Every structure is written in structure tokens, then in C-alpha cells.
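# Close look at the chain arrangement
Residue strings, one per chain:
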Protein chains: 2
Amino acid sequence: MSEIIRSLQQDLNEFGTDLHLIGGEKLNGRHPGEHPDNFGAGAMAQPATPEAAVAIVRWCIENNVPVVPQGGRTGLVGGGISRPGELILSTAKLDRIEAIDPLARTATVGAGVTLQALQEAAAEFGLTPGIDLAARGSATIGGMIATNAGGILAFRNGVMRHQVLGVEAVMPDGSLVSDLTRVLKVSAGPDIKQLLIGSEGAYGFVTRAVVKLESFNPIRATALVGVPDATSALALIGYFRAQPSLQLEGAELMWRNFFVDSARERSFEVDWLDEETPAVLLMEVSAASEENARSALEDGLAGLWEEHGLTSGIVAASLDQARRFWALREESDFIYRVQPGAPSFDVSVPPGALDAYVTGLKARLKAVDPGFDAYVYGHIADGNLHISVIGDGVAAADLKAAIEDAVYTSVAEAGGSFSAEHGVGTEKRRAYLTFGNSARRAVAQAIKAALDPKNLFNPGKVPYRAD
Amino acid sequence: MSEIIRSLQQDLNEFGTDLHLIGGEKLNGRHPGEHPDNFGAGAMAQPATPEAAVAIVRWCIENNVPVVPQGGRTGLVGGGISRPGELILSTAKLDRIEAIDPLARTATVGAGVTLQALQEAAAEFGLTPGIDLAARGSATIGGMIATNAGGILAFRNGVMRHQVLGVEAVMPDGSLVSDLTRVLKVSAGPDIKQLLIGSEGAYGFVTRAVVKLESFNPIRATALVGVPDATSALALIGYFRAQPSLQLEGAELMWRNFFVDSARERSFEVDWLDEETPAVLLMEVSAASEENARSALEDGLAGLWEEHGLTSGIVAASLDQARRFWALREESDFIYRVQPGAPSFDVSVPPGALDAYVTGLKARLKAVDPGFDAYVYGHIADGNLHISVIGDGVAAADLKAAIEDAVYTSVAEAGGSFSAEHGVGTEKRRAYLTFGNSARRAVAQAIKAALDPKNLFNPGKVPYRAD
């Protein structure tokens, strides 16, 4: 057992089992999540109450022990990795759904509640958190706040920041800011909780939150449609969003090589797909009845067919088939079987600039190495692209910077972001310093120095110093 | 001409007419807006470019001149009042709509663009900023960012924070943070622009912004419906929000005395209204055709009539009549003719707690003075109530604290906010210190000290020190 765990146990013994301290082999026996170094600290506390979390943080401040907040460890950029001498502070035991208020449409939850647990609890009232993402089974509300998670429904409901009404957090000075308002409108001075959202643990550890809920309509129709480019996909999206009798529930674009390879991995038949089609759009709509949803989707696509150069498409005949459509998009792990070590990225590009960006990206990658290509897919309605670079030698250390430059060039100029929803973590450090906004970085650093003078909260991550 | 204006003119003469300096009688001849002390400084700069704004701020830092940011001066809580020796920094000449991108659904605008100007420009593309409020003709985008404005559509689209994608601002150290991303998803380290939103000029002066645009459907039907209470109004709202073929475009509740007095002021016939009805709900929906909108509204109300105790109602027969319905709610100036000096408030209460709050409020006011009552009205779908206290002697200075206590008691406990959309300014100082969140206040003050050590940005306002 680590020295930190032993000392915590001894010094905070009045909290008893509320500390949930784990170290050594007991910790190493667990799955570390998406990054092998997440458990590097070898010492974890899982406070069961905000008060226990406060006591642990105060102890860490007193003893100069760095704190690494962790949620579901589904982060893809190494924002939760930890080193010996640090303490992992986990949301795992703050896992209670405290209240769901269907009239106010709010859920008050512990930071360790998973998205899926909240989705299931809200569904009993015909509601949904309004955010959905592939890692729903393990991603926690606290972690989603820390990274300002986005996902599938952001084009309609906004990102996590827009769905969070209240936050309770332990600040780096050991104080507890409990700002659990349950209303949409709060103009009551500087809104400190906004700093915690999307700051990857730099400014505090989230313990509880109030999440806004939205209407949930399970009556769906789902289609896969071959499209010539992102522009035509956006035209379809615009059309369906403007239909008063429908709600667009998802719009995910997969460029051809991603779609075909994902389909092959899942033994999904692609005979229906035109041989030349550059991309496939997954669309889901909801409506008042299944017949309405299906016919509106089919009629809408038929009406748009020629004008937008649609080539081929299928509409799911069953819920099971719709799930298989979604799996083609969401089960993207095959990438790392096809291409171990594939450098992966997550950028935002304003919709009007998407096709030019993807064309430019592929050209820039070929300039690095003529054998390089990319899988490109993502939440097209809000311009969020996931990119994995493939080809012989893509994982070579000496090409890392050149590949990053190929991906990030022109993103900021177009009004986009080098990181859309995955955060910065440790993997995107160079991008943050090279392609991020330097004035914004300087202010973030000044606030870090003011709130966390000992630099104890998730040190070595954002806000990185530029020097 | 003031000494400040003279010195600025001299020291920054390379900016020529881009400074737009005004002082003395030329300034005093203008309308000061909603607060008589807005022009107290007697000196105003209206930079025409972000670079001119930077130069002015740097000059102010060097010369220790406090800066008071002003937008359209429609603020109702004295957030823009200024004193001799300060410089008013106005957004007025930053009034260019730089670009509207209908595909990305974004508008890039100067901070001085009025909401109405942006609404009109967006309407040409079938779009809207997604925020609407009664002061649309004079409120500016910069001012709406500074106060995190809410208004009529917040229940659906969120508040200003949710519609702002990018912000450019001069920080209190004279640096320009130009973070004009045009995408929804940005998880690229701490999001500094969130600090500027809703901080009433404490952390910087907004020069430009990117605003997200939403679909606009002008095909409407509008009704006034007598309802027994807020709970029944919320049930109606819930019903109409859940109809897939409709969009709810407005839901404003007016308790009886407000409605009747407003109608009297505007010579609006209320014969149709049941004599006992406690409140009147203004509802507007949009649909695919006028007939659909109207029949869905009428049929929906008929179906809900008995269950929810509806007593009486009228549906607008024309656009002109619909506008008259809205004027009953929006032209609330009559309050100050009926009751000069009426203490006015703007609170958020979670929907489920609204009726108990209003009942308790009236009882608490009568406990202060049996002759006291309140006009209560507001954006009911998000729990935002506007309150004006009426009765003989309500403006007496020695009753100020007792009336405030009557209004604010139980708001925070219910999960609401003492200020919903008007901000803190100077008028809500006591509420901020007494009913606001003390831990949140302390963090706001620490950030203020870090970013603005000379306390030059809108001094004497938020974040107030508690001491």
C-alpha cells in the first residue's frame, strides 16, 4: 500500500469508509480505462461524500500531494494519467441520482453517475439529458463536465456546458463551491462554474451537478444514405431540421473508407451502396408515429435525391437494424486493429468549410507520405470530425509533428478548434501550444496561478505554460 | 471638455476619428438610457475598431482611469452607471454585422450591433439569433453578453451564453483575446470567454462576437388563456412542447393584477376574461401553416380545458392582434406610472416551486405592510419572474431591506437565483452579498484580483467584496 494511502487513512480516519482508499495491487488489478498510465499514481481515493472530498483535498494541499481527478477514464487524450506521488481523486462513489424533477426538467446527480444511468433514470419520465455519446456506459457526468463533452445531439441541444445548470466542486484551496441552481437563467455575477466546465480538472474537482433534461421521443426512423460530400449532407440536415413535424435525432457522416472498413469488420452488407459514393450519412429522425417518421424520412430523401446527388440509401426496417447502423459509426475500435498506433484527432470545422478541409487534409497527409490516408467520420451537423491517420509508418515518432501540422493547419483560420470534444489532456499538448489561442492561454494560466498557487490540481496538463 | 477626453485625444491622436471621444455638454445632451447616472463620468469613448479599444484601455491602465463598459444602456440594475474621473467605454461604433454564414448558422458581429439589427439581418436567411427580449431595439450584443441576457426564447434555446460561440475582448491588462471560433464544440482548455459572459464588465470589454443562429418560422398562432396557477400554465407548456408538429415560440404568464392593469393602460378589452381567473398565459406556437398552427393551438387548449381548470381564452385573429397581445406583456412601463419608484426584481425559481413562491411572496409582503402587493409576470417556462412591489409607501428607504427579504427569501433554497437575467449592477448589491453564493463570490473576487489588480474595470460593481 502506498505511503499516501497509509497517511490518508490515518489522518482522516474520522471519515471511515467514506474515503474508499485503494492502492497497490488492488488498484493495479483493475482496468485503467482508455490510457495505460491512468493508474500511474498507484493511489486512489473515491470519496463517497462531498465532505470527504473536501477533507482529502485539504489533506493534499497540506501535504503538497498533487491531485488527479478521474471520472469514467474514457478520455481519449490522456487527461487523467497520473504519476507516482500523486493521488487519483475518483468520482466513482459519488454515484447517486439524487433527484429528478420532471416539471422543472432537472436531474441532481453525483459526479460519478454514468451518462447511461442518468439516461435510463430520465427515460422513466419521458426525458433525456440531451447529450449522448458512444462511451455512455462508462463516461461520468463529472468527467463530461470536466471535458465539456459533446457527442451526437450537440447540434440540437448544445454541449455539456449548455446542459449543466448547477455544479458543486472542491476548489484548489479546499473550499467547496456548491452552486446547485436548478434554473436556466442566472445572471448573478461571474459564473464560476463555467470555469470548471471544460477545464479538465485544472480548477477543481466536481462532486455534484444539476443537469437539464429534454423531451425524449423514442419513435424513430433511421437511414444510411450515400452522399457526394459534406455540403450535400448539410443540405439534407438543413432540410430535415426545418421540418416542423420531425425532430432530427442524429446526423453522422462517414467518409467511404471508414464506412466500408467498419462494415467489413461487422459483416454488414454494403451491396446497396453505389461503388463511387464518397461518403455515407447516418440520419435518425423522430416523429409522432413510426409511420410518420419513416414516410417523412423516405419522402424527404426522395425529394432531395437528384438535387443533392444522392446515390443510394437504405432505411432501417427494425430497431435492431437501426442499432446495427449506429454500431457502424460508434464501434470505431476496429481502426486500431487495422492500424495499430493510428494518430487520432478530433477537430471542429465550421460546416461551410468542411469539404475544403477534408480535401486539404488528405493532400497534406500525402505530402507527408504518399501512402498516408485518413479515416474521417463524425458529428457532421456541428462540424465535429474524428480523424485517424492510416498508412505504413503513421505511428513513427519522427512524423508526429508533420502529421499534426497536416491535421491542424487551417482549422483555426476557418474558425474551428484543434480539439472539439475530447479535450487537451497530455496528447494534445503540442496542439494547445501551437494551434491554440495564445491570449486565451495566458489568461487561463493567470487564473490557474490565482486559484491553485501550488499547482496541485492535475499538474502538467492544461493550462500548459507556453514556455 | 473633460481632462480625460483632452488627454486621450492628444495621446492617441494616431487613431484619429476611430476614438469617437465625447464629453461635456455634447454627452449630457444625449439620453442616458435606463439609469440617470449612466453618464455620470461625463467622458465617453466609442472606439470604432478593436485596436482603438485596446489603445484606450492601455491608456487607462497607464493613467489609472477606471473604465465603465456600456452597451445599449438598457440595463435595469445600474450596471453601467459611471462617476466623474471614470471613462465610459461604449460599444456604439463597433456596430458592423461582419458576416452571416447561413450554412454554419453563425453571425460575426461587432459588440455594438443591436439585437434587432441582428434579428433583421438573420431573418433574410430564415434565421434568428434565438434570443429575443423586449429591449431588442436598443440592447446590444456586447451588453447582452456582459449580462448573459435571457428573454423570451431561453426556455428553448438557452440564454446568451448558449448562443455565443466566439468572443473578442480587451482584457484588464490591455491584451486582446480574440477567440472568434464559429463552432459549437470547443474543448481546447479553459474557456476564458465564459468568464466574460455574465460578468458585467468586471473582466473585460467585449469588442466582437460570434452568435449562433437558429431556424426562424414566422408562421404563428397566438393565444391568451386564463389559468388557475403557474402549475397549470406549465402543464400547457409541457403539452405544447411535446407536440412534434409544433414549436412553442413563447409562454409568458401574467398574474391577474398585472394583466388587468396593463390591459387598462392600453385600452385592451378584457370582457372575455373570467372574473376570478388568477392569471393569464400568453402562448405562441409556430407550425407548417397558419391553419395548422391555429387549429393545433385551439384543439390543444380545448383538450386541456377541463383537466387544467382553464377558464377563458382568445386566439389572435390577425398578426396585428397578436402584436397587441405581446404589448400587454412587454410594455410594462405603466408600472412606474401606476406606482412611481416601485421596487422591481427579477428572480428565477424552478418551475415546480413557482406557485408556492408567489403565494409566499404575497404573504411576506403583507407582513411588511398589509397594503403591499406585487405585480408578477414573466417567462414562466424557465421560471423567470419579474416582480414589482406596489402599495402606499413601497419606495420608502427604510422598507428597502424588508421588501428585498420578502422577495428573495426561499429563492436560493428552491434552487433559484436572486437575479435571473438583469444582472447585479449597483441595485442588486445587497442581494448579491446577502442571498448570493459566498464561495462563488470568493472565487470571483480572487479572479478579479488576478486579472485586474488595479481594479479598473467597472469598479464598485461585481464582484463586490463581502467586507
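Residues numbered from 1 in each chain as written. Chains lettered and ligands numbered in written order. Predicted model: local features only at pLDDT ≥ 70, side-chain atom pairs only at ≥ 80, totals over all residues. Heavy atoms only, no water.

### Observations concerning the environment of Ser215 of chain B
Residue and element names in this part refer to chain B.
- Structurally, the position occupied by Ser215 is in strand β11 (residues 214-215).
- It is 4.7 Å that separates the C-alpha atoms of Ser215 and Leu127, two residues lying 88 residues apart in sequence.
- In contact with Ser215, other than residues within four places in its own chain, are Arg105, Gly126, Leu127 and Thr128.
- A polar side-chain atom of Ser215 sits 3.0 Å from a polar atom in the side chain of Arg105. (Helix = DSSP H or I, 4+ residues; strand = E, 2+ residues; numbered from the N terminus. Contact = heavy atoms within 4.5 Å. Polar contact = N/O pair within 3.5 Å; in protein donor to acceptor, adjacent residues only side chain to side chain.)

### A short note on the sheet that holds strand β15 (residues 312-315) of chain A
Residue and element names in this part refer to chain A.
- The strand order across the open sheet formed by 7 strands is β15-β12-β14-β13-β17-β18-β16, and the pairing between neighbours is antiparallel. Since the sheet does not close on itself, it has two edges, and those belong to β15 and β16 (344-348), each with one partner. Each neighbouring strand pair of the sheet contributes to a mean axis angle of 15°, computed without reference to strand direction.
- Bridge count between strand β12 (residues 220-227) and β15: 4 bridges; the pairing is antiparallel. By the bridge assignment, Gly226 is partnered in β15 with Ser312.
- Along the sheet, helix α14 (residues 354-368) makes contact with β13 (247-255), β16, β17 (373-379) and β18 (384-390), crossing β17 at roughly 155°.
- The strands touched by helix α15 (residues 400-408) within the sheet are β16 and β18, with β16 carrying the most contacts at an inclination of about 25°. (Pairing = 2+ DSSP bridges. Axes fitted to C-alpha atoms, helices over the stretch in contact; angles between N-to-C directions.)

### Considering the UniProt feature "domain: FAD-binding PCMH-type" (unreviewed entry) in chain A
- Feature annotation in UniProt places "domain: FAD-binding PCMH-type" (unreviewed entry) on residues 37-216 of chain A, given in this structure's numbering.
- End-to-end, the C-alpha atoms of residues 37-216 of chain A are 38 Å apart, and along that stretch the chain is 23% helix and 24% strand. (UniProt positions renumbered as here; feature names shortened; annotations may be inferred.)

### Remarks on the environment of Thr49 of chain A
All names here are of chain A.
- Here Thr49 is to be found in the loop between β2 (43-45) and α3 (50-62).
- Along the backbone, Thr49 and Ala402 are 353 residues apart, and their C-alpha atoms lie at a distance of 46 Å.
- In terms of polar contacts, Thr49 uses its side chain to reach the backbone amide nitrogen of Ala52, at 3.0 Å.

### Considering the packing of helix α14 (residues 354-368) of chain B against helix α15 (residues 400-408) of chain B
Residue and element names in this part refer to chain B.
- With their axes 8 Å apart at the nearest point, α14 and α15 run at an angle of 160° to one another. One element, α14, and the other, α15, form an angle in the roughly antiparallel class. Here the hand of the crossing between α14 and α15 comes out right-handed. Facing α14, whose interface residues are Tyr357, Leu361, Arg364, Leu365 and Val368, α15 presents Ala402, Ile403, Asp405, Ala406 and Val407.
- Class assignment for the residues of the contact of α14 with α15 results in 8 nonpolar, no polar and 2 charged. (Parallel < 35°, antiparallel > 145°, perpendicular 65-115°, else oblique. Left-handed = near helix turned anticlockwise from the far one by under 90°. Nonpolar A, V, L, I, M, F, W, Y, C, P; charged D, E, K, R; others polar.)

### Focus: unusual backbone geometry
- With an omega of -10°, the peptide bond running from Val462 of chain A to Pro463 of chain A counts as cis.
- Its location among the elements puts Pro463 of chain A in the segment after α17 (438-451).
- Even without being glycine, Asn64 of chain B reaches a positive phi, approximately 55°.
- Position of Asn64 of chain B relative to the elements: it lies in the loop between α3 (50-62) and β3 (67-70).
- Of note, the phi angle at Glu200 of chain B is positive, near 50°, even though the residue is not glycine.

### As for the relation of the copies chain A and chain B
- Once chain A has been moved 0.0 Å along the axis and rotated by 180°, it coincides with chain B to within an RMSD of 0.0 Å. Such a combination of rotation and displacement between the chain copies is what one expects of a two-fold axis. In terms of proximity to the rotation axis, the leading residue of chain A is Ser245 of chain A, whose C-alpha is 1.9 Å off the axis.
- A symmetric contact is evident, with 100% of the interface residues of chain A recurring at the interface of chain B. (Least-squares fit on C-alpha atoms with pLDDT ≥ 70 in both.)

### Here we look at the interface of chain A and chain B
- On the side of chain B, 76 residues touch chain A, which itself brings 76 residues to the contact.
- The contact between chain A and chain B buries some 6,100 Å² in all, and 61% of this surface belongs to carbon and sulfur atoms.
- Taken as a group, Lys185, Ser187 and Arg440 of chain A account for 16% of the area that chain A buries against chain B, more than any other trio of residues on that side.
- The tally of links from chain A across to chain B stands at 10 salt bridges.
- The salt bridge involving Lys185 of chain A is made with Asp382 of chain B; its shortest N-O contact spans 3.2 Å.
- Our count for the contact surface shared by chain A and chain B stands at 34 residue pairs in polar contact (both at pLDDT 80 or more).
- Elements with a contribution of two residues or more to the side of chain A that touches chain B: α6 (154-157), α7 (160-163), β9 (176-179), α8 (193-196), α9 (230-241) and α17 of chain A.
- A per-element tally of the side of chain A that touches chain B places α17 of chain A first, with 8 residues. (Buried area = accessible area lost by both parts, 1.4 Å probe. Salt bridge = Lys/Arg side-chain N within 4 Å of Asp/Glu carboxyl O.)

### Quick notes on α14 of chain B
- Relative to the 21 Å expected for 15 residues at 1.5 Å per residue, α14 of chain B spans 21 Å between its end C-alpha atoms, a close match to the ideal helical length.
- Packed against the buried residues of α14 of chain B are α9 (230-241), β13 (247-255), β16 (344-348), β17 (373-379), β18 (384-390) and α15 of chain B. (Expected span 1.5 Å × (residues − 1).)

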